[in-house]
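Letter by letter, the chains look like this.
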Amino acid sequence: MIVLQLIVVIALAPLMLGVINRTKAIIAGRRGQPLLQLYYDVAKLLRRGSVLSKSTTLVFLAGPAIALTAALLASLMLPLIGSSAPIAFTGDFILFVYVFALSRFFTTSAALDTGSAFEGMGAAREVTFACLAEPALLLGLLALARLAHSLTLSSLLTVSGPTWRTASAALVLIVASWVIVLLAENSRVPFDDPNTHLELTMIHEVMVLDHGGPAFGLVLYAGAVKLFVFGALVAAVVLPHPANTAAHAALNLAAVLVIGVFIGIVESAMGRLRLVRIPQLLITATLIAAFAVVLVLK
Amino acid sequence: MSAALITAAAVLCALSGLPALLSRRSRVACRISTALLMTAGAIGLVGAGLGLAGPTTTLSAPWAIPGGALRIRVDALSAFFAAPVFLLAGVGALFSEGYWPASRPRAGYVRFFYGLLAGGLAIVMTAQNLLLFLTAWEIVAISAYFAVVTDDDDETVRNAAWLYLVASHVSTLSLFALVALLHATTGSWDFAALPAGTALTAAGHAICWLALVGFGIKAGLMPFHVWLPGAHAGGPSHVSAMMSGVVIKMGVYGIFRVLTLFDVPPAWFGATLLVFGLVSSIFGVAFALAQHDLKRLLAYHSIENIGIIVTGLGVGVVAGSHGYPTIAFLGYAGALLHVWNHSLFKALLFLGAGSAIHSAETRDIDRMGGLARRMPWTAAAFLTGAVAICGLPPLNGFVSEWLIYLGSFTSIQRVTGGWVSPALVVVAPALALTGALALACFVKAFGAVFLGEPRTAAAARSHEAPRSMRWAMLPLVVGCFAIGILPRTIAPAVDRAAAVASGLHGTITTALAPVQTMAMVLAVLAVIAIIMVKLRVGNAPRNLTWDCGYAAPTARMQYTSSSFARGLVAFFAWAMPPVVHAPQRLPLFPTEASLETHVPDTVLDRLLIPLSGRIRRTLMVARHIQSGRMHAYLLYIGATLLVLLFWSAM
């Protein structure tokens, strides 16, 4: 089960970005890059050589390594294939949140390791916005914990199926809040524009300016896995969870790709927010999730 | 056996500094003192280990003071709190060999008060007699004052130590009242159980409030924390490690101990602890973010971590008093484990900071940079502490925070009705916010101090710390990893201490089993991944940081710690308004300009100091009658007597 899910995540994660980019291209009236572009990019980068900055230490290389490890480990805690995740234990969702925090510690430290002003700027923004996104994620989990019967991420996420009728308002709020968190954590529009090359405006892309070759390949791959994981997280709350494993897996994976289409539409429909507005949107997400908690507590 | 060993170790700690103190500047005498203190630490650790594993033991001797008795009682709770004292005593002694060698002024002085501090602390954590407790409490307060003020050429150090002494005595004053009240209620001069139902009486309320103020000042709970940042920043680094690692824990111990005296601790007190804990944790880390001084930053983080501990305790008390033993046990166990964890990583961070400051010759984070390539061992130790204090897996901070989180989540799932669930629900998002802010703060501190390029010539000249300083950090690094990766090995000790503290039976061993497995998996995978990346690109050619093709980068262009934290500090500006010294107007062709910002402590600098100044000015009016001449005072006495005489006649 662990191996199967790992293979699925590794194989399908870059596809989601492909779907997003294809959606954006279609809306813009372009043909766009191939659906599998990220696979080619990563394959090419892994074969290439690289140059390291004189300023850097091992921390610079630990950034991409830990980012990928953390994202893959987190993916195994999601009920993706069956309705119970390969790794599930009481309190696993706290680990889920904290492995991403570990990855953030090392990616931002890697950015500071170069001594570059741009990358420091990106790192500062990344840790600042995470302070507002993390409580929203936790509040959503709290609301789900009230509805679920055991404290594992699998049961928290799959409880939504049977409770959509009884607690629909709370679930809608959770999904709304987590979609904002999904966009923020993965540096998508309206928080960040993955296409921009104006360094001053960026968050995630600017942190990895100095990574090249295989290390950059890992960065891209880890980013794709993280996006996939957050997509699957939101999808699991929205979806019913059929008992049949094959049906469950098909439904979930399809839903993740649909979320990809949704992100593509969002990115085509709106621009990036000004930096000062970003905290306001994230606080909104936190408050929405807080209302969900109030609703389930009443 | 455990009581005898701990007492012997405490006495040995207290006396260990004498050889160094009496023989001035002798290298051999300093070595002997260090060896004595390390031996005492080892004996004490064995004693604490026996106390945690075995039965409760007592040691009693008569004492001439009325009501006093030299009674030491080592139960699991005392042993649990005594263990870090002895560990840090030994580690700090070893560190001081390289950090404060015999050739440095006051080498004997600092060793003597350091040992006395450790000995006093061990007695505080184990005293059964209230008067012995108070005596040891004062020994700690005073020896900590002398240890902090070691570097008394510096005016800021003198002021900080003075403030600490004043705050300490306000704390002691509350404890005098507390001890008197305990004696009046129980009729005993020992820590004796209060009569059933005391929690609901006025005496019970008074006991709780006195304990909160008296112990809260020592623990550095907000808003009683005013003394803490200065005192922790001012002392020598191993003294700071001791202050932050265990001295503030004696306040936490006091709260724990007083709670054990109640049959059922009052629920309102649990809620009060929650409020103080959450305020301390969030604002502690917010103030930490705004600091430029590495040691003040770490000091504010102590307030944050004490906040987390007290939050866990609050979860325990609230859930326990409402009859939810599972949740209560998680709260107590999380709080206790965080006591150990904080001792380990905070001491490690202070020792690492001490090496960095020693080497870069400044405490200002924005004047360091690039130390990792010059002092890799210190950098690795500091990084371990930084990851641990952020509560990140697979290190120890995660385990204790996980327990408190689990308490909060279990409460929202199981508890219905009343205010318990809403109260405990706040804990999870607040901890998440605290954790994310701590992460921001330590990425800033580690990044600005150890990564990038040196910002000053002194930082560029920095060199690795002497061997004794590096060895001293090793046990703490091992401790952070061991509790993080093998939490089940120490779970029985936490269970016993939590059972004494809460009066409940429970265990965290089974709950921690998957955490242990996952921490191991994460650690192994992360190491493998780093090694693979290192093998693949580690030998790549080296060149300047690309930085979008900027041709001539200088160290001054790096993001500084202030700029890194600016967004978050602005976010909290309503609670801690920064003071900005910026040029008012620049000429058309600016020549030289400077910008300086700092964030004063809201409670101390914006409330207490202006308030006490105003009180002093008001009382100046009374100065006219204080002439200092004897006959004037005789006149006052005579006049008063005359007035009283007339009054009584009427």
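The structure displayed is predicted, hence computed values, not measured ones.

(A) Summary view of the overall build of chain B. When its secondary structure is counted, chain B shows 25 helices and five strands. Radius of gyration (C-alpha) of chain B: 26 Å, near the 26 Å computed for a compact globule of 650 residues. Across its three principal directions, the C-alpha atoms of chain B cover 100 × 65 × 60 Å. Buried positions account for 58% of the 650 residues belonging to chain B. Within chain B, contacts between residues separated by at least 24 positions form 80% of all contacts whose residues are at least 6 apart in sequence.

(B) Examining the overall build of chain A more closely. Of the regular secondary structure elements, chain A holds 12 helices and one strand. Computed over C-alpha atoms, the radius of gyration of chain A comes to 19 Å, within 12% of the 19 Å expected from 2.2 N^0.38 for 298 residues, which places it in the range of a compact globule. In terms of principal-axis extent, the alpha carbons of chain A reach across some 55 × 45 × 40 Å. Sorting the 298 residues of chain A into buried and exposed places 63% on the buried side. The contacts in chain A between residues at least 6 apart in sequence include a share of 78% that link residues at least 24 apart.

(C) Local environment of the packing of helix H13 (residues 325–360) of chain B against helix H20 (residues 467–485) of chain B. Residue and element names in this part refer to chain B. Where H13 meets H20, the axes come as close as 9 Å, and the angle between the chain directions of the two elements is 150 degrees. Viewed along their axes, H13 and H20 adopt a mutual orientation that is roughly antiparallel. Judged by the twist between their axes, the crossing of H13 over H20 is left-handed. Here H13 contributes Asn341, Leu344, Phe345, Ala347, Leu348, Leu351, Gly352 and Ser355 to the contact with H20, which in turn contributes Met469, Ala472, Met473, Leu476, Val477, Gly479, Cys480 and Ile483.

(D) Structural context of the interface of chain B and chain A. Contact with chain B, which involves 64 residues of that partner, is made by 64 residues of chain A. At the level of elements, helix H14 (371–374), helix H16 (396–414), helix H17 (420–425), helix H18 (427–450), helix H22 (509–537), strand E3 (542–543) and helix H23 (561–571) of chain B are the ones that each hand at least two residues to the side of chain B that touches chain A. Classifying every residue of the side of chain B that touches chain A by side-chain character gives 44 nonpolar, 14 polar and six charged. Sheet topology places strand E1 (residues 52–53) of chain A next to E3 of chain B; two bridges connect them, and they run parallel. When the sheet's bridge partners are listed, Leu52 of chain A is paired in E3 of chain B with Arg542 of chain B.

(E) Quick peek at the environment of Asp601 of chain B. All names here are of chain B. Along the chain, Asp601 turns up in the loop between strand E5 (596–598) and helix H24 (602–619). Between the C-alpha atom of Asp601 and that of Leu18, which follows or precedes it by 583 residues, the distance is 38 Å. Sequence-distant contacts of Asp601, defined by excluding residues within four places in its chain, comprise Val226, Pro229 and Phe287.

(F) Geometry of the confidence of the model for chain B. Predicted confidence across chain B gives a mean pLDDT of 93, with 100% of residues reaching 70 or more. Our summary of model confidence lists the complex with pTM equal to 0.95 and ipTM equal to 0.96.

(G) Structural view of the pairing of strand E2 (residues 69–74) of chain B. Residue and element names in this part refer to chain B. Relative to E2, strand E1 (residues 57–62) is paired through six bridges, and the arrangement is antiparallel. Paired with Ser60 across the two strands is Arg71, which belongs to E2. The antiparallel hairpin formed by E1 and E2 contains six residues in its connecting segment, where Gly67 sits at a positive phi of about 80 degrees.

(H) Up close: H18 of chain B. Residues and elements named next belong to chain B. With 24 residues, H18 extends 33 Å between its outermost C-alpha atoms, agreeing within 8% with the 34 Å of an ideal straight helix rising 1.5 Å per residue. Of all 24 residues that make up H18, 24 are buried, and the element is covered over most of its length. At the exit of H18 stands Gly452, carrying a positive phi of roughly 75 degrees.

(I) Fine view of the domain arrangement of chain B. Partitioning chain B into structural domains gives domain 1 (264–532 + 561–580) and domain 2 (602–649). Computed over C-alpha atoms only, the centres of domain 1 of chain B and domain 2 of chain B are separated by 48 Å.

(J) Local environment of unusual backbone geometry. Following Val189 of chain A, the chain continues into Pro190 of chain A via a peptide bond in cis, with omega recorded as 10 degrees. Inspection of the secondary structure assignment puts Pro190 of chain A in the loop between helix H8 (168–185) and helix H9 (204–207). Put simply, Pro393 of chain B and Pro394 of chain B share a cis peptide bond, and its omega is 5 degrees. Mapped onto the elements, Pro394 of chain B comes out in the loop between helix H15 (376–389) and H16. With phi around 65 degrees, Arg106 of chain B is a residue other than glycine that occupies positive phi space. With respect to the helices and strands, the residue Arg106 of chain B is situated in the loop between helix H4 (76–99) and helix H5 (107–126). One non-glycine residue, Glu361 of chain B, adopts positive backbone phi at about 60 degrees. Relative to the elements of secondary structure, Glu361 of chain B occurs in the loop between H13 and H14.

Calculation notes
Residues numbered from 1 in each chain as written. Chains lettered and ligands numbered in written order. Predicted model: local features only at pLDDT ≥ 70, side-chain atom pairs only at ≥ 80, totals over all residues. Helix = DSSP H or I, 4+ residues; strand = E, 2+ residues; numbered from the N terminus. Rg over C-alpha atoms; globule rule 2.2 N^0.38 Å. Buried ≥ 20, exposed ≤ 12 C-beta atoms within 10 Å, placed from the backbone. Contact = placed C-beta atoms within 7 Å. Axes fitted to C-alpha atoms, helices over the stretch in contact; angles between N-to-C directions. Parallel < 35°, antiparallel > 145°, perpendicular 65-115°, else oblique. Left-handed = near helix turned anticlockwise from the far one by under 90°. Nonpolar A, V, L, I, M, F, W, Y, C, P; charged D, E, K, R; others polar. Pairing = 2+ DSSP bridges. pLDDT = per-residue confidence, 0-100. Expected span 1.5 Å × (residues − 1). Domains from an automatic or database assignment.

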